[in-house]
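Close look at the chain arrangement
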Amino acid sequence: MKNNQKNVLASRQGYEELYQLGYQTVELMVTDLLKFNEIGVSQVEVDELKQLTEVFGNRKFDEEFLLTQKLSTQEKEQLVDAMLAILYKLEMKLSLAFSETPMYIQAFGLGGIRKLSDVDVAKTARLMVSFQTGPFATALATCISEAELAELKEKNERFSAIETAQLASEKYRYMATQIRVAQANELYAYIRKIRNVGKKMWALTDIIRSNSYLMPKLRTGKSDGSDATNNDDFVVTNGETDNDENS
């Protein structure tokens, strides 16, 4: 079964040009409305396309979620650096206090603290805080202060909260992106339909006006850019062309 669904490239430049193309098409329809009326296209279709374009242009929360993810990543990195600084200092103190019995360093894995991943740093910090009330709390108290433990706890809790929020943001962004792609496809299909009709509408009487309805050239898909066009933001599947006289 042939699938004629059109796909719009998920790039910010492509989305912006699709948005502009929508408004350009609305302007063409308004100018040629009397001519469109002769073939059954009225102000209703003009308003429909304008609404699709406006909704598409205003809905950019997928980008907002991306910004949230980036800011969250930056904050996580700062939190990890703060926890790492405390743990690294603790490693040095433990090395001095228990040089003959390095069991604490080995138990917590502090010997390789600088090589730990962000998640492992947070896990080690959480473990260290839990030992505050354990059987070895007294021994550790000589090497790490209550203030440092409180800071470790606060940074670690914030890290966990951000991780959860970031995961949720990734899911939100995925769903928002799918919605935006669907909107782009719907807008693209409407624009293509109107422009193909407008092109044919003037084909016999005004070739210049007819050409004003031509769709932008298509992306070739070549990575070297040898066949790239100056307006290559759209992809049509199944070998169809956007300016097909038979469509």
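Residues numbered from 1 in each chain as written. Predicted model: local features only at pLDDT ≥ 70, side-chain atom pairs only at ≥ 80, totals over all residues. Heavy atoms only, no water.

**Remarks on a nonpolar patch on the surface**
The line we're drawing: Patch definition: residues above 30% relative accessible area lacking any salt bridge, with like charges linked at up to 9 Å and the nonpolar side chains Val, Leu, Ile, Met, Phe, Trp and Tyr linked at up to 5 Å. In this description, accessible areas are obtained by the Shrake-Rupley approach with a 1.4 Å probe, and a residue is regarded as covered only by the protein chains that are shown. Within this document, salt bridges are pairs made up of a side-chain nitrogen of Lys or Arg and a carboxyl oxygen of Asp or Glu, the two lying within 4 Å of each other. Secondary structure elements follow DSSP: runs of H or I no shorter than four residues count as helices, runs of E no shorter than two count as strands, and numbering proceeds from the N terminus.
Taken together, the side chains of Y172, Y174 and M175 define a hydrophobic patch exposed on the protein surface, amounting to about 360 Å² of accessible area. Within the secondary structure layout, M175 lies in helix α8 (residues 146-201).

**Examining the pattern of salt bridges**
Per the stated rule, a full pass over the model turns up five salt bridges. Here D32 makes a salt bridge to R209, at a shortest N to O gap of 3.0 Å. Of this pair, D32 sits in the loop between α1 (12-31) and α2 (33-37) while R209 sits in helix α9 (residues 207-211); the two residues are 177 residues apart in sequence, bridging distant segments of the chain.

**So, the packing of helix α6 (residues 118-130) against α8**
Which entries qualify depends on this criterion: An axis is simply a line fitted to the C-alpha atoms; with a helix, the fit covers only the stretch in contact. Between two such axes, the angle follows the N-to-C directions and lies from 0 to 180 degrees. Note that the term roughly parallel is reserved for angles under 35 degrees, roughly antiparallel for angles over 145, roughly perpendicular for angles of 65 to 115, and oblique for everything else. Each crossing is labelled by how the near helix is turned from the far one, with a counterclockwise turn of less than a right angle marking it left-handed and a clockwise turn marking it right-handed. Every residue pair with non-hydrogen atoms within 4.5 Å of one another is taken to be in contact. In this count, Pro and Cys sit with the nonpolar residues alongside Ala, Val, Leu, Ile, Met, Phe, Trp and Tyr, while Asp, Glu, Lys and Arg are called charged and the others, Gly among them, polar.
Running from N to C, α6 and α8 cross one another at 135°; their axes reach a closest spacing of 9 Å. In terms of orientation, α6 and α8 fall into the oblique class. Crossing of α6 against α8: the hand is left-handed. For the pair α6 and α8, contact is made by D118, V119, A122, K123, A125, R126, M128 and V129 and by L149, L152, K153, N156, F159, S160 and E163, respectively. The class makeup of the residues in the contact of α6 with α8 is eight nonpolar, two polar and five charged.

**Regarding a negative patch on the surface**
As a reminder of what qualifies: Counted as positive: Lys and Arg. Counted as negative: Asp and Glu, with His and the chain ends omitted from the count. In plain terms, the charge of a residue is placed at NZ if it is Lys, CZ if Arg, CG if Asp and CD if Glu. For every residue, the accessible area obtained with a 1.4 Å probe (protein chains only) is divided by the maximum for its type, and the residue is called buried under 20%, exposed over 50%, and partly exposed between those limits.
On the surface, a cluster of negative charge is contributed by E77, D81, D118 and E163. By secondary structure assignment, the location of D81 is in helix α4 (residues 61-97). Relative accessible area serves as the criterion here: at 51%, D81 is assigned to the exposed category.

**Side note on the confidence of the model for the protein chain**
Defined as follows: The quantity called pLDDT is the predictor's confidence in a given residue, expressed from 0 to 100.
Predicted confidence across the protein chain gives a mean pLDDT of 79, with 76% of residues reaching 70 or more. Predicted confidence for residues 4-13 stays below pLDDT 50, and this span has 30 contacts to residues more than four positions away or in other chains. Here residues 219-239 is a poorly scored stretch, pLDDT under 50, and it has 41 contacts once near neighbours within four places are set aside; other chains count.

**Some points on the nonpolar core**
Which entries qualify depends on this criterion: We define the nonpolar core as a collection of buried residues of types Ala, Val, Leu, Ile, Met, Phe, Trp, Tyr and Cys that are connected through side-chain atoms lying within 4.5 Å of one another.
Ranked by internal contacts, the top residues of the largest apolar core, which has 22 residues, are L18, M29, F36, L49 and I191. The greatest single-element share of this core, amounting to seven residues, is contributed by α8.

**Here's the deal with helix α3 (residues 43-58)**
The criterion, for reference: Any helix carries an expected span of 1.5 Å times its number of residues minus one. Taking the helix axis as origin, the arc is that swept by the directions to the C-beta atoms.
Here α3 spans 22 Å end to end across 16 residues, near enough to the 22 Å set by a 1.5 Å rise per residue. Burial in α3 covers these residues: V46, L49, T53, F56 and G57. One side of α3 carries all its buried residues, which in axial view fall inside an arc of 105°. Opposite its buried face, α3 presents the exposed residues Q51 and N58, each directed more than 90 degrees away.

**Some thoughts on the packing of aromatic side chains**
Given two aromatic rings, one states the distance between the centres and the angle between the planes to describe the pair. What counts, and what does not: Centres within 6.5 Å are what make two rings of Phe, Tyr or Trp a pair, Trp counting through its six-membered ring; a difference in plane orientation under 30 degrees is then read as stacked, over 60 as edge-to-face, and the rest as tilted.
Enumeration according to the criterion identifies three aromatic pairs in this entry. Seen in terms of ring centroids, Y15 and F56 are 5.6 Å apart; in terms of plane orientation they differ by 85°. Their pairing is edge-to-face. Remark: F56 occurs in helix α3 and Y15 occurs in helix α1; sequence separation between them is 41 residues. Taking relative accessible area as the criterion, Y15 reaches 3% and is therefore assigned buried.

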